[in-house]
Amino acid sequence: MSTTTEGVPLRIAVPNKGSLSLSATEILRECGYRQRDDTKQLTLSDVENGVEFFYLRPRDIALYVGEGTLDIGITGRDLLLDSGAKAEELLALGFGRSRFRFAGPIGRFTSVEELQGARIATSYTGVVGAFLAERGIEATVTRLDGAVESSIALGVADVVADVVETGSTLRQAGLETFGEPILESEAVLVTRPGHRADGSEIFRRRLQGVLMARSYVMMDYDIEDAHVDAAVALTPGIESPTVLPLHKDGWVAVRAMVPRAGAQRLMDELWSLGARGILTTDIHACRL
């Protein structure tokens with residue numbers, strides 16, 4: 001049960017829509033939690049796991065968690081920092097990645113130092129304001145929701161600060177990025193400082209287990225005793241690989257968790273050592 005120390009269900013905030021919503025729901029299901037089937041549903045109680053989910057605007061989640069209305073939540077790092085809420089990042093979740101950059105007319109700006117006195121349009125005034133303050137740059141930051149790229153052509157701003165993926169939208173507006181990134185964002189688990197209820201820790205461990213499982217595969221192979229040390233050096237596992245004798249004299253079976261990235265190359269190297277029957281299996285969850 002993921003209940004708090006008082007036996008009250010753990011209250012969890014989940015994005016109700018947008019790019020974070022689908023991935024958040026997917027990882028929660030992988031963690032063994034019930035999730036809503038109707039996007040109009042605002043709350044869901046998972047009695048078996050002792051949790052209650054609240055589906056909220058991603059921008060509001062850090063505020064609810066920071067004020068203690070809810071125990072824990074999933075939102076974007078950008079939204080957490082922009083909110084100014086009394087909440088802190090507990091765990092990076094690896095999805096919803098984005099990069100924030102400054103952009104201006106092509107050939108006009110080359111560095112952030114040139115923003116002194118500029119007018120900047122953005123949907124993330126908190127993030128941009130903090131970035132500029134850290135560098136001693138004074139500029140006028142105006143909040144605009146929606147397509148901020150148009151603000152320059154309309155004479156509202158000199159520069160925009162926004163999420164940049166491919167940069168094609170900016171190029172179509174006659175803009176280009178410049179300077180260092182403002183922020184590298186992704187989905188994060190947030191809680192309020194000092195709040196470490198038992199239920200929160202169980203919830204965090206489940207998420208960590210799924211994230212680890214997504215990053216690793218289980219690899220099994222057979223190899224002769226003479227080459228097992230070299231093979232184990234390639235597949236050390238998390239603690240240590242499992243090595244068991246086979247019915248065939250002079251051969252052993254090896255099992256180890258290996259990083260998913262590079263697993264195919266690793267299989268090639270093991271084959272060159274003489275390993276046979278090399279298999280990889282997905283891991284759905286783990287506790288390490």
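Residues numbered from 1 in each chain as written. Predicted model: local features only at pLDDT ≥ 70, side-chain atom pairs only at ≥ 80, totals over all residues. Heavy atoms only, no water.

Q: Just give me the short version of the sheet that holds strand β8 (residues 140–143), but keep the residues and values in it.
A: Here five strands make up an open sheet; going across it, the order is β8-β7-β9-β6-β10 and the pairing mixed. For this open sheet the edge positions go to β8 and β10 (175–185), each flanked by a neighbour on one side alone. If you compare each strand with its neighbour and ignore which way they point, the axes differ by 30 degrees on average. Strands β6 (98–105), β7 (119–122), β8, β9 (159–164) and β10 of the sheet are contacted by helix α4 (residues 125–134), whose axis makes an angle of about 95 degrees with β10. (Pairing = 2+ DSSP bridges. Helix = DSSP H or I, 4+ residues; strand = E, 2+ residues; numbered from the N terminus. Axes fitted to C-alpha atoms, helices over the stretch in contact; angles between N-to-C directions. Contact = heavy atoms within 4.5 Å.)

Q: How would you explain the pattern of salt bridges if you had to name every residue and give the values?
A: In total, this model carries 16 salt bridges according to the counting rule given. With a closest N to O distance of 3.0 Å, Arg119 and Asp158 form a salt bridge. Pair noted here: Arg119 is in strand β7 and Asp158 is in the loop between α5 (150–153) and β9, with a separation of 39 residues, a long-range link. (Salt bridge = Lys/Arg side-chain N within 4 Å of Asp/Glu carboxyl O.)

Q: For the sheet that holds strand β12 (residues 216–224), give the residues involved together with the corresponding values.
A: With antiparallel pairing, the four strands of this open sheet are ordered in space as β13-β14-β12-β15. Unpaired on one side and paired on the other, β13 (242–245) and β15 (276–282) mark the two borders of the sheet. Between one strand and the next, the sheet's axes are offset by a mean angle of 15 degrees, whatever the strand orientation. The sheet contacts of helix α9 (residues 263–273) involve β12, β14 (251–259) and β15, and relative to β12 the element is tilted by about 5 degrees.

Q: So what's going on with the side chain of Arg36? Which residues, and what values?
A: Relative to the elements of secondary structure, Arg36 occurs in the loop between α1 (19–30) and β2 (43–46). For the buried Arg36, no salt bridge is present, and the opposite-charge side chain at shortest range is Asp38, 7.0 Å distant. At a separation of 2.7 Å, a polar atom in the side chain of Arg36 contacts the main-chain carbonyl oxygen of Gln41. Contacts of Arg36, omitting those with residues within four sequence positions, involve Pro15, Asn16, Ser21, Arg29, Gln41, Leu44 and Tyr55. (Buried < 20%, exposed > 50% of the residue type's maximum accessible area, 1.4 Å probe, protein only. Lys, Arg positive; Asp, Glu negative; His and termini not counted. Polar contact = N/O pair within 3.5 Å; in protein donor to acceptor, adjacent residues only side chain to side chain.)

Q: Quick one: what's the story with the layout of surface pockets, residue by residue and with numbers?
A: Each pocket or cavity is described by its volume, and for the largest pocket that value is around 760 Å³. In terms of lining, the largest pocket is formed by 27 residues, of which the most central are Ser19, Asp78, Tyr124, Asp162 and Val163. Contributions of two or more residues to the lining of the largest pocket are made by α1, α2 (58–66), α3 (77–83), β9 and α6 (168–172). (1 Å grid on protein atoms, 1.4 Å probe; cavity = no way out; pocket = protein on both sides within 12 Å on 5 of 7 lines; lining within 4 Å. Points joined across faces, edges and corners; volume = space filled by probe spheres on them.)

Q: Which residues make up the side chain of Thr122, and what values go with them?
A: For Thr122, the position within the fold is in strand β7. With a relative accessible area of 0%, Thr122 lands in the buried category. Aside from chain neighbours lying at most four places away, what touches Thr122 is Val128, Val141, Thr142, Arg143, Leu144, Val148 and Ala161.

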